[in-house]
Amino acid sequence: ILLFLKDVGIEDNQLGAFLTKNYAIFSEDLENMKTRVAYLHSKNFSKADVAQMVRKAPFLLNFSVERLDNRLGFFQKELQLSVKKTRDLVVRLPRLLTGSLEPVKENMKVFNTRLFKVKERHLFLTYLGRAQYDPAKPNYISLDRLVSIPDEIFCEEIAKASVQDFEQFLKTL
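So, here is what we can say about the structure in this document. Note that the structure is a prediction, hence the values are computed from the model and not measured. (Residues numbered from 1 in each chain as written. Predicted model: local features only at pLDDT ≥ 70, side-chain atom pairs only at ≥ 80, totals over all residues. Heavy atoms only, no water.)

Things to note about the overall build of the chain
Along the backbone of the chain there are 11 helices and 0 strands. Ordered by position from N to C terminus, the α and β elements of the chain give α-α-α-α-α-α-α-α-α-α-α. Taken along the three principal axes of its C-alpha coordinates, the chain extends 70 × 35 × 30 Å. Long-range pairs, those at least 24 residues apart, make up 65% of the contacts in the chain with a sequence separation of at least 6. As presented, the chain carries roughly 11000 Å² of accessible surface, and 54% of it is formed by carbon and sulfur atoms. Side-chain charges of the chain comprise 27 positive and 22 negative groups, with the mean position of each set lying 3 Å from the other. (Helix = DSSP H or I, 4+ residues; strand = E, 2+ residues; numbered from the N terminus. Contact = heavy atoms within 4.5 Å. Areas by Shrake-Rupley, 256 points an atom, 1.4 Å probe, with all protein chains shown as cover. Lys, Arg positive; Asp, Glu negative; His and termini not counted. Charge placed at Lys NZ, Arg CZ, Asp CG, Glu CD.)

See the structure below:
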């Protein structure tokens with residue numbers, strides 16, 4: 001296993017730190033780990049990419065090919081990334097493959113919710129004829145204010161309408 005780790009790209013002076021973090025590597029089947037590395041190479045990760053990923057995420061070699069494939073697919077699909085961008089992302093941040101997906105899912109929900117909120121507010125302002133985003137013109141609305149304030153303040157100060165009007169409008173979408 002030590003020779004295999006060296007072949008993967010773990011340097012002699014990195015072995016101690018690697019094994020301190022992942023001593024369970026000794027209970028892994030060597031052939032399974034070779035299959036996992038071969039799988040990463042089949043997905044066009046270079047030898048240097050795999051070495052960097054294993055150094056930064058010591059438990060990577062403990063993950064089955066199916067689990068690695070599912071994780072790569074998750075990031076490619078959910079973040080709508082190209083194959084190359086997905087590969088670049090996990091080379092830079094390989095712990096995304098070995099860590100919990102819950103924080104990622106929660107962050108995506110917050111980004112998507114915020115985008116949805118901006119769209120709703122923009123459509124309402126357009127409906128009212130108040131969608132004015134040019135700072136050189138009167139009644140300018142900054143993107144920051146559009147996104148960051150609660151509905152009550154948005155309706156009162158920006159839309160110059162009631163919350164009930166806004167809620168009624170949202171039902172028409």
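Structural notes on the nonpolar core
One finds Phe 45, Met 53, Val 54, Leu 60 and Leu 61 to be the most contacted residues of the largest nonpolar core, which totals 25 residues. Those elements giving two or more residues to this core turn out to be α1 (2-8), α2 (12-21), α3 (30-42), α4 (47-56), α5 (65-78) and α6 (83-92). Per element, the largest residue contribution to this core is 4 residues, and it comes from α3. In contact with Phe 45, not counting residues within four places along its chain, are Leu 40, Val 50, Met 53, Leu 72, Arg 87, Val 90 and Val 91. With 15 residues, the next largest nonpolar core counts Ile 141, Ile 149, Ala 161 and Phe 166 among its residues. (Core = buried A, V, L, I, M, F, W, Y, C linked by side-chain atoms within 4.5 Å. Buried < 20%, exposed > 50% of the residue type's maximum accessible area, 1.4 Å probe, protein only.)

Notes on unusual backbone geometry
A positive phi angle is found at Asn 44, which is not glycine, with a value near 70 degrees. Locating Asn 44 in the fold gives a position in the loop between α3 and α4. Overall, the relative accessible area of 56% leaves Asn 44 in the exposed class. Residue Gln 80 is not a glycine yet carries a positive backbone phi of 55 degrees. Along the chain, the position of Gln 80 falls in the loop between α5 and α6.

Let's talk about the packing of α3 against α5
A pair of packed helices can be characterised by two numbers: the angle between their axes and the separation between those axes. For the pair α3 and α5, interaxial distance at closest approach is 10 Å and the crossing angle is 30 degrees. Classified by the angle between their axes, α3 and α5 sit roughly parallel to one another. Here the hand of the crossing between α3 and α5 comes out right-handed. On α5, the residues touching Thr 35, Arg 36 and Tyr 39 of α3 are Val 65, Leu 68, Asp 69 and Leu 72. (Axes fitted to C-alpha atoms, helices over the stretch in contact; angles between N-to-C directions. Parallel < 35°, antiparallel > 145°, perpendicular 65-115°, else oblique. Left-handed = near helix turned anticlockwise from the far one by under 90°.)

Here we look at the packing of aromatic side chains
For the structure shown, the criterion picks out 6 aromatic pairs. Ring geometry for Phe 74 and Phe 75: centres 5.2 Å apart, planes at 80 degrees, overall edge-to-face. Each member of the pair Phe 74 and Phe 75 is classed as buried. Each residue in the set Phe 124, Tyr 127, Phe 154, Phe 166 and Phe 169 is aromatic and connected to the rest through ring pairs, giving one cluster. (Phe/Tyr/Trp six-rings, centres within 6.5 Å; stacked < 30°, edge-to-face > 60°.)

Some details on the environment of Leu 19
Structurally, Leu 19 is set in helix α2. With a relative accessible area of 19%, Leu 19 lands in the buried category. Excluding anything up to four places from it in sequence, Leu 19 contacts Leu 2, Leu 5, Ile 25 and Phe 26.

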